[in-house]
Amino acid sequence: MTYTSPKAVRGALLAATALLACLVPTPAQADPDPRGADTSDTWLVLGVDQGETRTGTAPGNLLLCDPPQGHPRAADACAELDAVNGRISGIPARDTYCPMVYAPVTAHAHGQWRGQSVEYTETFSNRCAMEARTGSVFALDGPQPS
């Protein structure tokens, strides 16, 4: 029977970890955006939860804008966010009629827009009111006619 001390096992694990760290390639530096912003710093994780609080049960959708992808209406959402420098609350409200049905939804976003941190959470009386106020950004159910 062979006996291995815990000290020897720790040393072997430390050596293996150091070897693996040396073998892992480092990611290449992203090319800077010609507009002056680093596009690797532009991403948002978006979600909509049923109810008046953020439950975290809804899956998040990753929105990338250079090029637009990861969202059913990525091109529209990116254009709307570009117009307000990534400030979701700055998107102009659409002139529309929504039913007066109380079915609250909570929209949430976190990430970065052109290197600036984005944190957004707001509860709306229903999905129609949310989309009227936030445009295409939280239209995560699929393509919709404009």
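- The protein chain carries the name SSI family serine proteinase inhibitor in an unreviewed UniProt entry, which gives Streptomyces pratens as its organism.
- Quoted straight from UniProt, the Subcellular location (unreviewed entry) entry for the protein chain says "Secreted".

Section: the state of the cysteines
Covalent bonding between the sulfur atoms of two cysteines defines a disulfide.
At step 1: Taken as a whole, this structure holds 2 disulfides when the rule is applied.
At step 2: Across the disulfide, Cys-65 is cross-linked to Cys-78 (sulfur-sulfur distance 1.9 Å). On the sign convention where negative is left-handed, the bridge of Cys-65 and Cys-78, at about -85° about the S-S bond, is left-handed. Of this pair, Cys-65 sits in strand β2 (residues 61-65) while Cys-78 sits in helix α2 (residues 74-83); the two residues are 13 residues apart in sequence, bridging distant segments of the chain. Each member of the pair Cys-65 and Cys-78 is classed as buried.
At step 3: The disulfide partner of Cys-98 is Cys-128, and the gap between their sulfur atoms is 2.0 Å. Disulfide Cys-98-Cys-128: the torsion about the S-S bond is -75°, which places it as left-handed. Taken together, the residues Cys-98 in the loop between α2 and β4 (105-113) and Cys-128 in helix α3 (residues 127-134) connect sequence positions 30 residues apart.
At step 4: By sequence order of its bonded cysteines, the protein chain has the disulfide arrangement 1-2, 3-4.

Points about the nonpolar core
At step 1: Leu-46, Leu-63, Leu-81, Ile-88, Val-137 and Phe-138 are the most contacted members of the largest nonpolar core, which totals 23 residues.
At step 2: When residues of this core are traced back to their parent elements, those giving at least two are β1 (43-50), β2, α2, β4 and β5 (116-124).
At step 3: Beyond its immediate chain neighbours, meaning those up to four positions away, Val-137 contacts Leu-46, His-71, Ala-77, Glu-80, Leu-81, Ile-88 and Ile-91.

Details of the environment of Gly-51
At step 1: You can see Gly-51 is positioned in the loop between β1 and β2.
At step 2: Sequence spacing of Gly-51 and Ser-125 is 74 residues, and the spatial spacing of their C-alpha atoms is 9.1 Å.

Here we look at the packing of aromatic side chains
At step 1: Enumeration according to the criterion identifies 1 aromatic pair in this entry.
At step 2: Judged by centre distance (5.9 Å) and plane angle (25°), the rings of Tyr-120 and Phe-138 are stacked. On the criterion of sequence distance, the pair formed by Tyr-120 in strand β5 and Phe-138 in the segment after α3 is long-range, its members being 18 residues apart. Both residues of the pair, Tyr-120 and Phe-138, count as buried.
At step 3: Residue placement shows Arg-114 over the ring face of Trp-113; its charged tip is 5.0 Å from the ring centre.

Quick word on the side chain of Thr-106
At step 1: The topology assignment puts Thr-106 in strand β4.
At step 2: Looking at Thr-106, its side chain comes within polar contact range of the main-chain oxygen of Gly-51, at 2.8 Å.
At step 3: Here Thr-123 takes part through its side chain, which lies 2.9 Å from a polar atom of the side chain of Thr-106.
At step 4: For Thr-106, the residues in contact, after removing those within four places along its chain, are Gly-47, Val-48, Asp-49, Gly-51, Glu-52, Thr-53, Arg-54, Thr-121, Glu-122 and Thr-123.

About the thresholds
Residues numbered from 1 in each chain as written. Predicted model: local features only at pLDDT ≥ 70, side-chain atom pairs only at ≥ 80, totals over all residues. Heavy atoms only, no water. UniProt positions renumbered as here; feature names shortened; annotations may be inferred. Disulfide = S-S within 2.5 Å. Helix = DSSP H or I, 4+ residues; strand = E, 2+ residues; numbered from the N terminus. Buried < 20%, exposed > 50% of the residue type's maximum accessible area, 1.4 Å probe, protein only. Core = buried A, V, L, I, M, F, W, Y, C linked by side-chain atoms within 4.5 Å. Contact = heavy atoms within 4.5 Å. Phe/Tyr/Trp six-rings, centres within 6.5 Å; stacked < 30°, edge-to-face > 60°. Lys NZ or Arg CZ within 6 Å of the ring centre and 35° of its normal. Polar contact = N/O pair within 3.5 Å; in protein donor to acceptor, adjacent residues only side chain to side chain.

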